[in-house]
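Each chain is listed here by its residues.
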Amino acid sequence: MAKGQHTAKNIGRNTKNLLNYPRAGVSGWTRFLPSIRILVVGGLSLVIALCVAFAVGYAATDIPEPNLEATGQTSTIYYSDGKTPIGQYKVEDRKSVDIDEISEPMQKAAIAAEDTSFYENRGISIKGLSRAVVGVATNQYAGGGSTITQQYVKNFYLTNEHSLDRKIKEMFISLKIDQQQSKDEILANYLNTIYLGRRSYGVEVAAQNYFDKPASELNVSESALLAAMIQRPGAADPSENPEAYEDRFNYVVKSMVDEGFITEEQAAKVEMPTVQKQNKESSLSGQKGYMWDFVRREALAKLDIDEAQLDRGGYNIVTTFDEDRMKAAEQAIKTLPQDQPEGMQAGLVSIDPDNGGIEAFYGGKNYLDQAFNASTQSHVQAGSTFKPFALVAGLENGVRLTDTYPGASPTSIDNNGQPWPVTNFGNTSYGPVSLLKATQSSINTAYAALNVQVGTDKTIDVAERAGVSPACTEKQVETGDTGQCTLDMSEANPSTVLGVPSVKPLDMANAYATFAANGVHHETHAIKTVTQGSEDKEVYKADTKGKRVFDKAVGAETSYALSQVVQGGSGSYAQNLGRPAAGKTGTTNENKAAWFSGYTPNLATSVVLYREVDGKQLSIGAYGGRSEVTGGSFPVQVWTDYMKQALQGEKVEQFPARGELPDKPKPTNTNEPVAPKPEPKAPSGSNDGSDGDEEKEEPKAPIETPKDDEDKDKDSDGDEKGKEEGAKDGSDEGSKDSDGKDGGEGDSGDGGNDGPDNGSGGGSDTGGGGNGTDRGSGGGGDTGGGDTGNGSSEDGGLGIDDITG
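Criteria and cut-off values
- Residues numbered from 1 in each chain as written.
- Predicted model: local features only at pLDDT ≥ 70, side-chain atom pairs only at ≥ 80, totals over all residues.
- Heavy atoms only, no water.
- Helix = DSSP H or I, 4+ residues; strand = E, 2+ residues; numbered from the N terminus.
- Buried < 20%, exposed > 50% of the residue type's maximum accessible area, 1.4 Å probe, protein only.
- Contact = heavy atoms within 4.5 Å.
- Areas by Shrake-Rupley, 256 points an atom, 1.4 Å probe, with all protein chains shown as cover.
- Polar contact = N/O pair within 3.5 Å; in protein donor to acceptor, adjacent residues only side chain to side chain.
- Pairing = 2+ DSSP bridges.
- Axes fitted to C-alpha atoms, helices over the stretch in contact; angles between N-to-C directions.
- Expected span 1.5 Å × (residues − 1).
- Phe/Tyr/Trp six-rings, centres within 6.5 Å; stacked < 30°, edge-to-face > 60°.
- Core = buried A, V, L, I, M, F, W, Y, C linked by side-chain atoms within 4.5 Å.
- pLDDT = per-residue confidence, 0-100.
- Salt bridge = Lys/Arg side-chain N within 4 Å of Asp/Glu carboxyl O.

Concerning the overall build of the protein chain
Inference 1: When helices and strands are tallied, the protein chain shows 24 helices and 23 strands.
Inference 2: Per-residue burial for the protein chain yields a buried fraction of 54% across its 805 residues.
Inference 3: Taking as baseline every contact in the protein chain between residues at least 6 positions apart, the subset at least 24 positions apart corresponds to 71%.
Inference 4: Of the roughly 35,900 Å² of accessible surface on the protein chain, a fraction of 48% belongs to carbon and sulfur atoms.

A short note on the side chain of arginine 325
Inference 1: Summarising the element assignment, arginine 325 is placed in helix 15 (residues 323-334).
Inference 2: Residue classification places arginine 325 among the buried residues on the basis of a relative accessible area of 9%.
Inference 3: Among the polar contacts made by the side chain of arginine 325, one reaches the main-chain carbonyl oxygen of alanine 646 at a distance of 3.1 Å.
Inference 4: Sequence-distant contacts of arginine 325, that is, excluding residues within four places in its chain, are made with Glu359, Ala360, Leu603, Tyr642, Ala646, Leu647 and Glu650.

Quick word on the side chain of glutamate 359
Inference 1: For glutamate 359, the location among the structural elements is in strand 7 (residues 358-362).
Inference 2: A polar atom in the side chain of glutamate 359 sits 2.9 Å from the side chain of arginine 325.
Inference 3: The contact partners of glutamate 359, leaving out residues within four places of it in the chain, are Thr320, Phe321, Asp322, Arg325, Met326, Ser350, Ile351, Asp352 and Leu603.

Some thoughts on the pairing of strand 7
Inference 1: Counting buried residues in strand 7 gives five out of five residues, a clear majority hidden from the surface.
Inference 2: In this sheet, strand 7 lies alongside strand 6 (residues 344-351) in antiparallel orientation, the contact comprising four bridges. For valine 349, the partnering residue across the bridge sits in strand 7 and is phenylalanine 361.
Inference 3: The loop that links strand 6 with its antiparallel partner strand 7 comprises six residues; one of these, glycine 356, has a positive phi angle of about 85 degrees.

What about the sheet that holds strand 2 (residues 85-89)?
Inference 1: Taken in spatial order, the five strands make up an open sheet running 2-1-5-15-16, and their pairing is mixed. Across the chains shown, the open sheet's two edge strands, defined by having one partner strand only, are strand 2 and strand 16 (537-541). Going from strand to strand, the sheet's axes swing by 20 degrees on average, the running direction of each strand aside.
Inference 2: Pairing analysis gives four bridges linking strand 1 (residues 75-78) to strand 2, with the strands arranged antiparallel. In the sheet register, tyrosine 78 faces strand 2, and the bridge partner there is proline 85.
Inference 3: This element, helix 13 (residues 288-303), spans strand 1, strand 2, strand 5 (315-319), strand 15 (527-532) and strand 16 of the sheet and lies at about 55 degrees to strand 2.

What about helix 16 (residues 387-396)?
Inference 1: For helix 16, the tally of buried residues reaches 10 of 10 residues, placing the bulk of the element in the interior.
Inference 2: Here the buried face of helix 16 lies against helix 17 (435-440), helix 18 (444-454), helix 19 (456-466), helix 21 (505-516), helix 22 (552-568) and strand 18 (582-587).
Inference 3: Positive phi appears at glycine 398, one or two residues downstream of helix 16, with a value of about 90 degrees.

Comments concerning the pairing of strand 1
Inference 1: Going residue by residue along strand 1, you find Ser75 and Ile77 tucked away on one face and Thr76 and Tyr78 tucked away on the opposite face as well.
Inference 2: In sequence, strand 1 turns back onto strand 2 through a hairpin of six residues, with glycine 82 there showing a positive phi of about 75 degrees.

Here's the deal with helix 21
Inference 1: Helix length check: helix 21, at 12 residues, gives a terminal C-alpha distance of 16 Å against a target of 16 Å (1.5 Å per residue), a fit within 8%.
Inference 2: Judged by how many residues are buried, helix 21 sits mostly within the fold: 12 of 12 residues are covered.
Inference 3: Burial in helix 21 covers these residues: Pro505, Leu506, Asp507, Met508, Ala509, Asn510, Ala511, Tyr512, Ala513, Thr514, Phe515 and Ala516.
Inference 4: Downstream of helix 21 by a residue or two, asparagine 518 has a phi angle that is positive, lying close to 60 degrees.

Some words on the packing of aromatic side chains
Inference 1: This structure, assessed with the given rule, holds 16 aromatic pairs.
Inference 2: Seen from their ring centres, tyrosine 290 and tyrosine 367 are 5.4 Å apart, and the 85 degrees between their planes marks the pair as edge-to-face. Note that tyrosine 290 is positioned in helix 13 and tyrosine 367 in the loop between strand 7 and strand 8 (380-381), a separation of 77 residues in sequence.
Inference 3: Judged by centre distance (6.0 Å) and plane angle (45 degrees), the rings of phenylalanine 389 and phenylalanine 515 are tilted.

So, unusual backbone geometry
Inference 1: For the peptide bond that leads from serine 409 to proline 410, omega is 0 degrees, which places it in the cis range.
Inference 2: With respect to the helices and strands, proline 410 occurs in the loop between strand 9 (404-405) and strand 10 (411-415).
Inference 3: The phi angle at aspartate 614 is positive, at roughly 55 degrees, despite the residue not being glycine.
Inference 4: When you line up the elements, aspartate 614 lands in the loop between strand 20 (603-613) and strand 21 (616-618).

Quick notes on the nonpolar core
Inference 1: Counting 122 residues, the largest nonpolar core has Ile317, Phe321, Ile358, Phe361, Phe389, Tyr599 and Tyr642 as its most contacted members.
Inference 2: No other element matches helix 21, which puts eight residues into this core.
Inference 3: When residues no more than four places from it in sequence are discounted, the contact partners of phenylalanine 321 are Tyr79, Ser80, Ile86, Met291, Phe294, Val295, Met326, Ile358, Glu359, Ala360, Phe361 and Ala526.
Inference 4: Core analysis: the second largest hydrophobic core is formed by 47 residues, Leu187, Phe211, Leu218 and Phe249 among them.

Thoughts on the confidence of the model for the protein chain
Inference 1: For the protein chain, per-residue confidence averages 79 on the pLDDT scale, and residues scoring 70 or more make up 72% of the total.
Inference 2: Low confidence marks residues 140-144, where pLDDT is under 50. Its contacts with residues over four positions away, or in another chain, come to nine contacts.
Inference 3: When the criterion is pLDDT under 50, residues 679-805 qualifies, and its contacts beyond four places in sequence or with other chains add up to 360 contacts.

Looking at the pattern of salt bridges
Inference 1: Throughout the structure, instances matching the rule amount to 19 salt bridges.
Inference 2: Residue glutamate 330 pairs with lysine 334 through a salt bridge whose shortest N-O separation is 3.9 Å. Taken together, the positions of glutamate 330 and lysine 334, both in helix 15 and four residues apart, correspond to about one turn of that helix.
Inference 3: Relative accessible area serves as the criterion here: at 23%, glutamate 330 is assigned to the partly exposed category.
Inference 4: Linking lysine 666 and aspartate 403 is a salt bridge whose minimum nitrogen-to-oxygen distance equals 2.9 Å. Taken together, the residues span a long stretch of sequence, with lysine 666 in the loop between helix 23 (634-646) and helix 24 (708-711) and aspartate 403 in the loop between helix 16 and strand 9 at a distance of 263 residues.

Digging into the environment of arginine 400
Inference 1: Within the fold, arginine 400 resides in the loop between helix 16 and strand 9.
Inference 2: The exposure class of arginine 400 is partly exposed, given its relative accessible area of 23%.
Inference 3: With 36 residues separating them in the primary sequence, arginine 400 and leucine 436 have C-alpha atoms 8.6 Å apart.
Inference 4: Excluding its chain neighbours within four sequence positions, the residues that come into contact with arginine 400 are Leu395, Leu435, Leu661 and Pro662.
Inference 5: Only 3.5 Å separates the side chain of arginine 400 from the backbone oxygen of glycine 398, close enough to count as a polar contact.
Inference 6: Looking at arginine 400, its side chain comes within polar contact range of the main-chain oxygen of proline 662, at 3.0 Å.

Have a look at this one:
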């Protein structure tokens, strides 16, 4: 062998490998045991690897966005006082508060129960993590051992998934959170995210649900119980089974002593607190459900958010609903006779004319039994409550209250060359009447002539400016999407003025609120303000500026005319209010609905009664001891009762003074009333002072309040009673029904000062006939022999092509 080769061989034999493994110079199996060098190098390598892995994991783990469940907070709606809650929108019941809004005993109790090293640790517990890793690996995870920071991270950012991956993420995020947030912030966030039973998320909601107080007022015993419930919040309800938490409660109290949070003497006095019973009564019963639903719809629209955002957004919504007026509305409706026919519905809407806020409404007897809101969702024929829109249209176009119109019944109205037979309620005939008298007594023939004179399009335009929703399109009717429109309101049908359109009570109240505001229209709304979060940051405020839609003088003249309906017409019962009021009664064809819409300068309210069975509106029929219901009976009585309560303590305001109306060219009245026959000329030498060549001057329509002799309504026997008889209820009117049938029905006077069904006014049941273009006039029903006093005589509307019977 060459010398160089021998040397190389020996060098290879004498050189040890780096790790000396298997160990040189050791024989047998022991040479495979790791040397000290291997152990040191291996340990250092493992430490380095773990440090590198930790650094990589720490750097690679970002703090995620909070999970949706944790960030969701309950939205609460309040009455107009901003303090009294109406209801909530929520997925879970949750409300976050700052640390200074959580009592110190509650903070200390949570630390004593869950993490006594909270103020010393850096966000994680090695012992707890190790136990969790072993538990996950052996599939025997028992939980516990996590710091408050880790629990907060799990609740706020992660899930309850039992996996090693989740625990590792929890560790890294907890370390970062501990670096980024103060201990007080972490503790507050933790206490705002824990679940404590009764669907209560967070200590603030739990304090309210269990002890009816805010978290800031929790004492030691109450705090200890809530802290004891953190581990097993659903184990039992402490009001029914406090024993379920007694051991844990005692542990928390002892731990508070051990940590120096309370003294032994204080602990000796701590007992299980009294917990209020869970309120199992539905929060949506009665009228609250109707408010809850109406505000929810408005909030979604005004805030431009979806339902999930509303339920989790933590909004504080202050409404326009006045708690006392809501109660007054319900009480007023309850005064109605109880012998109600099947399907009887009552609606009431009350609006502040200064801003359009809905002060009160009545949706139905119970939201849980009937979610449909009779005041805001129903469509009911308007009857003669629609007539004031034609009145305003006339005043805007040169017509005056002193102008005369035909009052005879029946009267054939010239509708642009087409004859339109119209009758008054009870087929009562008048001579030529002023527009003021026609308004006071709701004379159909006069208003039909007025509507033809100014145009149905202008009447509808006034209605829409006042607040009535626009007419439904064919598509809206076909799809049933009629929530924001008015049914059967057509420019082609002159009977629109007599109440053919089916309107929402909310719209009618809004329109009369425009009258009350002297021509300024405000958008109706139920939400005043919306704030969000613990800082109550304002995110929405209702626009209450309003827009002038009628001339001031027109508004004042309208209120004057409608006040005469109360002073001596079909709404006379409203005089019992004891302050200036104006309004209009309405009774529809076949007695399917009865209205009174009225107002004072500071509040407008509409009341309607109707009957609906299986989606079809039916005649109310005999009810409450009456053969039929009219606007001048129960509706005006409910209105007056409500307004008395609602306006109690409010300043008495006067309507604005009448002024100079706009100087506009007056449209030609093609239906001038037939002048009465001239009186015979006085013979020569008579003692009347005439020369025998002059005819007596025709009577002129009144300018101011109608005189007594002009207020008298004839009954079927031709008897007349004057204003001094003291009748408080006048007769009411009908209107054309949507099925094309005509004829008005109502009572031509009922009730007086002594009560709804008593007094000077005599009741007479009538059935006003209708007329059609192609047939003769329909027969009026028996008007009866009542003392109508100042009551009106009204009748149903007629369609151009209607056939009467």
